Amino acid sequence: MKNNTNEKYVKIIDNFLPQDMFRYYDNIIHSAEELDFVYTQNSIVPFDHVSYKFKEDLQLSADVYAGEFLQFIHTIFGKDGFSTKRKDIFIPLMDHFLTQLHMEILITSKINITFPDIANFLAGFHVDFEYENTPNYKTGLFYLSDTDGYTVLEDGTRVECVKNRLVIFNGSIFHSGTTCTNKNRRTTLNFNYIGKDI
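Residues numbered from 1 in each chain as written. Predicted model: local features only at pLDDT ≥ 70, side-chain atom pairs only at ≥ 80, totals over all residues. Heavy atoms only, no water.

A.B. asks: Can you help me understand the pairing of strand β7 (residues 147–153) in this one?
C.D. replies: Where a strand is regular, its side chains alternate between the two sheet faces. Counting buried residues along β7, six of its seven residues qualify, which places the element largely inside the surrounding structure. The pairing of β7 with strand β8 (residues 158–161) spans three bridges and is classified as antiparallel. For V152, the partnering residue across the bridge sits in β8 and is R158. The turn joining β7 and β8, which pair antiparallel and follow one another in sequence, is formed by four residues; a positive phi near 100° is taken by G156. (Buried < 20%, exposed > 50% of the residue type's maximum accessible area, 1.4 Å probe, protein only. Helix = DSSP H or I, 4+ residues; strand = E, 2+ residues; numbered from the N terminus. Pairing = 2+ DSSP bridges.)

Okay, here's the thing in structure tokens:
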């Protein structure tokens with residue numbers, strides 16, 4: 001199937017990394033000594049085109065977080081190339097993603113860590129970048145933890161947060177993460193790229 005901005009494309013791949021590679025990066029990313037994380041606040045904005053249920057959930061989340069969703073971010077790759085100080089660690093990982101997903105252009109890559117709450121609050125529906133007229137623009141989420149903090153797409157598709165799971169979808173699809181309730185953190189590697197369907 002040809003992918004363009006008007007089509008829904010969602011693919012889930014379990015056990016994406018070889019187990020030894022996954023264990024290595026799981027340890028690196030969750031080691032306080034290895035990486036610098038930046039504290040960020042993102043606005044929770046209800047969008048008109050999501051369902052009424054989502055609007056109610058988003059309003060609840062906005063009320064709980066006073067309109068700002070909190071997370072820690074480590075940027076790996078951005079508009080100027082690798083921005084992480086530990087490029088030596090992440091080049092092999094990004095090479096694996098580039099090869100396995102047949103990426104043509106890597107746009108961004110970052111690690112997001114959020115923390116538990118009493119319920120699965122929505123972080124806010126969004127698209128990572130406004131590339132509406134760019135064919136084959138995709139967003140990917142790679143899960144580094146097993147939690148009940150799922151990802152939801154604007155049509156209600158729900159992707160559970162499972163270690164070593166990768167989900168790829170059309171980058172024009174609005175999506176939201178949620179807080180977890182059952183673990184001490186929820187960790188994802190988020191990336192955006194141009195590439196054909198796999």
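That was the structure; now back to the text.
A.B. asks: Just to check I follow, could you spell out the environment of C180 for this structure?
C.D. replies: Mapped onto the elements, C180 comes out in the loop between β10 (175–177) and β11 (186–195). Assessed through its relative accessible area of 0%, C180 is described here as buried. Spatially, the C-alpha atoms of C180 and D117 are 6.3 Å apart, while their sequence positions differ by 63 residues. Apart from residues lying up to four places away in sequence, C180 is in contact with F115, P116, D117, A119, N120, T147, D148, G149, R185 and R186. (Contact = heavy atoms within 4.5 Å.)

A.B. asks: Help me understand the packing of aromatic side chains, please; the structure alone is not making it clear to me.
C.D. replies: Remark: the centre distance and the inter-plane angle together describe each pair of aromatic rings, the angle taken between the planes. For the coordinates displayed, the defined rule picks out eleven aromatic pairs. Seen from their ring centres, F22 and F142 are 6.2 Å apart, and the 70° between their planes marks the pair as edge-to-face. Of this pair, F22 sits in helix α1 (residues 19–29) while F142 is found in strand β6 (residues 137–143), placing the two residues 120 residues apart along the sequence. For F142, a relative accessible area of 1% corresponds to the buried category. When the centroid spacing of 5.6 Å and the interplanar angle of 85° are considered together, the rings of F72 and F115 count as edge-to-face. Of the two residues, F72 sits in strand β3 (residues 68–78) while F115 sits in the loop between β5 (103–114) and β6, which places them 43 residues apart along the sequence. On the basis of relative accessibility, which here comes to 29%, the residue F72 falls in the partly exposed class. Residue F115 is classed as partly exposed on the basis of its relative accessible area of 39%. (Phe/Tyr/Trp six-rings, centres within 6.5 Å; stacked < 30°, edge-to-face > 60°.)

A.B. asks: Could you clarify how one ought to interpret the pattern of salt bridges in this entry?
C.D. replies: For side chains bearing opposite charge, pairing can occur when the charged atoms are close. Enumeration over the complete set of coordinates arrives at five salt bridges. In this structure, K85 and D36 form a salt bridge, with 3.7 Å as the shortest nitrogen-oxygen distance. Of this pair, K85 sits in the loop between β4 (81–82) and α3 (87–100) while D36 sits in the loop between α1 and β2 (38–43), and the two are 49 residues apart along the sequence. Overall, the relative accessible area of 73% leaves K85 in the exposed class. The salt bridge partner of K138 is D197, with a shortest N-O separation of 3.1 Å. Taken as a pair, K138 in strand β6 and D197 in the segment after β11 lie far apart in primary sequence, 59 residues in all. (Salt bridge = Lys/Arg side-chain N within 4 Å of Asp/Glu carboxyl O.)

A.B. asks: Mind showing me how you'd approach the packing of α1 against α3 here?
C.D. replies: Helices that pack against each other are described as a pair by the angle of their axes relative to one another and the distance between those axes. Direction vectors running N to C along α1 and α3 enclose 135°, while the axes themselves pass 12 Å from each other. As the angle between them shows, α1 and α3 are arranged oblique. The hand of the α1/α3 crossing is left-handed. From α1, M21, Y24, Y25, I28 and I29 reach across to α3, where they touch I89, F90, P92, L93 and H96. (Axes fitted to C-alpha atoms, helices over the stretch in contact; angles between N-to-C directions. Parallel < 35°, antiparallel > 145°, perpendicular 65-115°, else oblique. Left-handed = near helix turned anticlockwise from the far one by under 90°.)

A.B. asks: Help me understand the side chain of T178 in this model?
C.D. replies: Position of T178 among the secondary structure elements: in the loop between β10 and β11. A relative accessible area of 1% places T178 in the buried class. Side-chain polar atoms of T178 contact the backbone oxygen of Y150, separated by 2.9 Å. Excluding its chain neighbours within four sequence positions, the residues that come into contact with T178 are N120, F121, L122, D148, G149, Y150 and R186. (Polar contact = N/O pair within 3.5 Å; in protein donor to acceptor, adjacent residues only side chain to side chain.)

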